[in-house]
Amino acid sequence: MVQEDILKRSIYVYDIPTTLLSTLIPRADTPTNPTEPLDIPSSIAPHDPEATATSCTLCSINSKTVADQRTHVRSDVHRFNLKRKIRSQPAVSEAEFEGMLESLNESISGSDSSSDDDGGLADNAADPLAALLKRQTILAPDDVDAPQSSATKGPGKAPLMWFTSPLLPPSTSLGVYRGLFSNTEQADASYLSALHSKQISAHANEKVPHIFLCMIGGGHFAAMIVSLAPKISKRHTTGADERQPAVIAHKTFHRYTTRRKQGGAQSTNDTAKGVANSAGAQIRRYNEQALAAEIRELLSEWKEYLDTAELLFVRATGTANRRILFGQGAPMRSNDPRVRGFPFTTRRATQSELTRCFVELTRMKISRIDTSALAALDSQSVEAPAIKPTKPAPPKLTKEEEAAILHSTQLTALIRRSKAPAVLSYLTTNSLSPDYTFTPPNIHTPTLLHLAASSNSPPVVLALLTKSHANPTLTTSSQPKPPFELSGDRATRDAFRLARAELGEAVWDWVAAGVPTPLTKAEVASREQREKELESKEEKDRRKKEVERLKLEEAEHRATSRPQAGRGGRNLGASVQMVLGRREEDERGLTQEGRMRLERERRARAAEERIRKLQGQ
């Protein structure tokens, strides 16, 4: 019951229950080596305010002239430091480099009695830089006393520190983000004592500390100062205490600085492609300067909060954005040990996003993974060699199967294109049955007649039934329906009825095939003629009614309209407007085909009217 009560609600890092805090211990697999490199925010590049155009930040050398700088870049010490940087090793000074060369010369001169593995150093005596790099590569595993840089890159550290407690359920751990601890606390691995000192109860008689959160990118800026003492409020539904972040100050800015549909800031585009002179570019360039001024002014007003903040969490994407926060004249410095990056993915810079990030940072994470079981699985995977699953070889087809697949492919293509003579010719040439089944089996259309009916191909259906005498009653276990039931239009169904009339009733069981009464070609032609006559009659009646309606409307218009002297143009315009309005009303709700038919009728009526007037003359 105690375990359920502890994990019932989220645990605030700065207000851990006393019973749980007193029993917390680091998890066994959590690294506590004090020599581990400290976290450097990936979103913040180091900035040296004293760096000049003729200085080498890699070797920490300031040249007086550009010529001296070029000479230094071509020197062996600079090349050596570049190689060490690639190997994640710290740079050395010129004096240290000379000392290494002297020890190398002594090693080369006394290498006559060395083993074959070390004899390679003497072969490179002509190139002392290559020999020195090779010697350091050989001695690297045993050189444990060599100084290590704080920026040495390795496999990386997990962003979370995990703790366990006997009060927690088995295989359950609580995680705290490493970024909440200072560099000194991380170097000393004093995480438990740091957690005790961070509790709000430890600051009962002092001012509660606060942290600063800031995001900038894409023209969006959001900053927030949050007190580590949460704001307690009552929940409306249950009346229980609810903790919310106590925001001391917050501010958001947004300016149009990014190029729409192309991405990137205007300053970045100017640097890469040259200064653009368009109106949009000038607006974006001005907005970048205005945004930088607004941010600098805000941070200057918050300087007291920044100086007293316990931690500074910053996300700044792009060189221009980092220059706003950490450049010359900025209230913050990139080498400030309090500066942190967000150890998780963030979204657009808004106040709600900063609130979410604060909650994510200050709430302990719960893990229910059994680390011992995972370690056992890892050891088993390392010991057991990885065996790639062998793909089963495709079955080898016989000549008959290959021929059947070829016939199925050719016949399917001919039937889908309604090539009835070609289908009959192919069946005769290859001596195939009209009831040929496809290979591989086709579940929906297993036979030629099924496929022809499903594809709505009346010529192929009629040819297969009357010329090749295909079986219309044939069904399979996968397709229990006869071919007629797969027909999708009347023409295909008529093809089955025509075949029944031509072949007769004794050839097939047409009732079992589902084919209706027989139908002759004369009956089909007579039916089509009746349909045409009926359609023509309906069209004539409709046109007659339309003409009568137009005559009535014209008579009503003549009766209501009286011509006025000197205002004929206005009456003509009103008539034209009325006619156009009537046309729009007639065309409302019609399809494109109906509108074309109506336009043809109007033209026909106009032509009849002109002929009538000519005959009257």
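Residues numbered from 1 in each chain as written. Predicted model: local features only at pLDDT ≥ 70, side-chain atom pairs only at ≥ 80, totals over all residues. Heavy atoms only, no water.

Caption draft 1: Geometry of the overall build of the protein. When you go through the protein residue by residue, the secondary structure sums to 24 helices and 11 strands. Evaluated residue by residue, the protein yields a buried proportion of 32% over its 617 residues. Across the protein, every contact between residues at least 6 apart in sequence was considered, and the portion connecting residues at least 24 apart equals 63%. (Helix = DSSP H or I, 4+ residues; strand = E, 2+ residues; numbered from the N terminus. Buried < 20%, exposed > 50% of the residue type's maximum accessible area, 1.4 Å probe, protein only. Contact = heavy atoms within 4.5 Å.)

Caption draft 2: Summary view of the pattern of salt bridges. Following the criterion strictly, the structure yields 21 salt bridges and no others. A salt bridge links E531 to R490, with the nearest nitrogen and oxygen atoms 3.2 Å apart. In this pair, E531 is assigned in helix α22 (residues 521-560) and R490 in helix α20 (residues 490-503), connecting sequence segments 41 residues apart. Residue classification places E531 among the partly exposed positions, given a relative accessible area of 36%. In this structure R490 comes out as partly exposed when scored by relative accessible area, which is 39%. The residue R549 makes a salt bridge to E546 at a minimum N-O spacing of 2.5 Å. (Salt bridge = Lys/Arg side-chain N within 4 Å of Asp/Glu carboxyl O.)

Caption draft 3: Region of the structure containing the sheet that holds strand β4 (residues 160-164). Pairing is antiparallel in the open sheet, where four strands are placed in the order β1-β4-β5-β11. Taken across any chain shown, the strands that pair with only one partner, and hence form the sheet edges, are β1 (25-26) and β11 (365-367). As judged from the three bridges shared by strand β5 (residues 173-177) and β11, these two strands associate in the antiparallel manner. The residue of β11 that forms the bridge with S173 is S367. Its contacts with the sheet put helix α9 (residues 191-198) on β1 and β4, and the angle it makes with β4 is roughly 90°. (Pairing = 2+ DSSP bridges. Axes fitted to C-alpha atoms, helices over the stretch in contact; angles between N-to-C directions.)

Caption draft 4: Fine view of helix α4 (residues 76-86). Residues V77, H78, F80, N81 and R84 constitute the buried set of α4. Viewed along the axis of α4, the buried residues span an arc of 160°, placing them on a single side of the element. S88 lies just past α4 and shows a positive phi near 60°. (Arc of directions from axis to C-beta.)

Caption draft 5: Examining the nonpolar core more closely. In this structure, L20, L174, L180, L195, L213, F313 and F342 are the most contacted members of the largest nonpolar core, which totals 40 residues. Sorting the residues of this core by element identifies α2 (18-21), β4, β5, α9, β6 (210-217), β7 (220-234) and α14 (351-362) as the ones contributing at least two each. Among the nonpolar cores identified, the runner-up in size contains 31 residues, and L414, L427, L449 and F484 belong to it. (Core = buried A, V, L, I, M, F, W, Y, C linked by side-chain atoms within 4.5 Å.)

Caption draft 6: Quick peek at the environment of W302. With respect to the helices, strands and loops of the structure, W302 is situated in the loop between α11 (279-301) and α12 (303-308). With a relative accessible area of 7%, W302 lands in the buried category. Sequence separation between W302 and A249 is 53 residues; the distance between their C-alpha atoms is 8.9 Å. Look past the residues within four positions of W302 in its chain and what remains in contact with it is F212, A223, M224, I225, A249, H250 and K251.

Caption draft 7: Region of interest: the environment of S300. Relative to the elements of secondary structure, S300 occurs in helix α11. For S300, a relative accessible area of 46% gives the class partly exposed. Expressed as a C-alpha distance, the spacing of S300 and A330, which sit 30 residues apart in the sequence, is 8.2 Å.

Caption draft 8: Representation of the side chain of R527 within the structure. Turning to its location among the elements, R527 is positioned in helix α22. Given the relative accessible area of 17%, R527 is considered buried. For R527, the contacting residues outside a window of four places in its chain are R490, D494 and L519.

Caption draft 9: Structural view of unusual backbone geometry. The residue after T439, namely P440, is reached through a cis peptide bond having omega -5°. Here P440 shows up in the loop between α17 (420-429) and α18 (448-454). Unusually for a residue other than glycine, S431 sits at a positive phi of about 55°. Mapped onto the secondary structure, S431 falls in the loop between α17 and α18. Despite not being glycine, H469 has its phi angle at roughly 60°, a positive value. Position of H469 among the secondary structure elements: in the loop between α19 (458-466) and α20.

Caption draft 10: Structural view of the pairing of β7. Sheet analysis places β6 next to β7, joined by eight bridges and oriented antiparallel. For F212, the partnering residue across the bridge sits in β7 and is I225. Here β6 hands over to β7 after two residues, with G218 in that stretch at a positive phi of 65°.

Caption draft 11: Fine view of the side chain of E601. Mapped onto the elements of the fold, E601 is located in helix α24 (residues 592-616). When its relative accessible area of 4% is taken as the criterion, E601 is described as buried. Beyond its immediate sequence surroundings of up to four residues, E601 is in contact with E539, R542 and R543.

Caption draft 12: Up close: the packing of aromatic side chains. Scanning the model with the defined rule gives nine aromatic pairs in all. With a centroid separation of 5.9 Å and an interplanar angle of 20°, the aromatic rings of F221 and F253 are classed as stacked. Taken together, the residues F221 in strand β7 and F253 in strand β8 (residues 241-254) connect sequence positions 32 residues apart. On the numbers, 5.9 Å between centres and 35° between planes, the contact of F313 with F342 is tilted. Taken together, the residues F313 in strand β9 (residues 312-316) and F342 in the loop between β10 (339-340) and α14 connect sequence positions 29 residues apart. (Phe/Tyr/Trp six-rings, centres within 6.5 Å; stacked < 30°, edge-to-face > 60°.)

Caption draft 13: Inspection of the state of the cysteines at higher detail. In this structure the tally under the stated criterion is zero disulfides. No disulfide involves C56; its nearest neighbouring cysteine sulfur is the one of C59, lying 3.8 Å away. (Disulfide = S-S within 2.5 Å.)

Caption draft 14: Region of the structure containing the UniProt feature "active site" (unreviewed entry) in the protein. Taking the UniProt record as the reference, the feature "active site" (unreviewed entry) is found at Q266. Inspection of the secondary structure assignment puts Q266 in helix α10 (residues 266-273). Residue Q266 is classed as buried on the basis of its relative accessible area of 0%. Discounting residues that sit within four places of it in the chain, Q266 has contacts with T257, R259, A276, A281, R284, R285 and E288. (UniProt positions renumbered as here; feature names shortened; annotations may be inferred.)

Caption draft 15: The arrangement of the environment of L449 in detail. Structurally, L449 is set in helix α18. For the pair L449 and A463, spaced 14 residues apart in sequence, the C-alpha separation works out to 9.9 Å. Discounting chain neighbours no more than four positions away, the residues touching L449 are V461, L464, L465, A470, N471, P472, P483 and F496.

Caption draft 16: Quick look at the packing of helix α16 (residues 399-416) against α17. Look at α16 against α17: their axes get within 9 Å of each other, and the N-to-C directions meet at 160°. Viewed along their axes, α16 and α17 adopt a mutual orientation that is roughly antiparallel. Here α16 and α17 pass one another in a crossing that is left-handed. Where α16 approaches α17, its residues L406, H407, Q410, L411, L414 and I415 are matched on the opposing element by A422, V423, Y426 and L427. In terms of residue class, the contact of α16 with α17 is built from eight nonpolar, two polar and no charged. (Parallel < 35°, antiparallel > 145°, perpendicular 65-115°, else oblique. Left-handed = near helix turned anticlockwise from the far one by under 90°. Nonpolar A, V, L, I, M, F, W, Y, C, P; charged D, E, K, R; others polar.)

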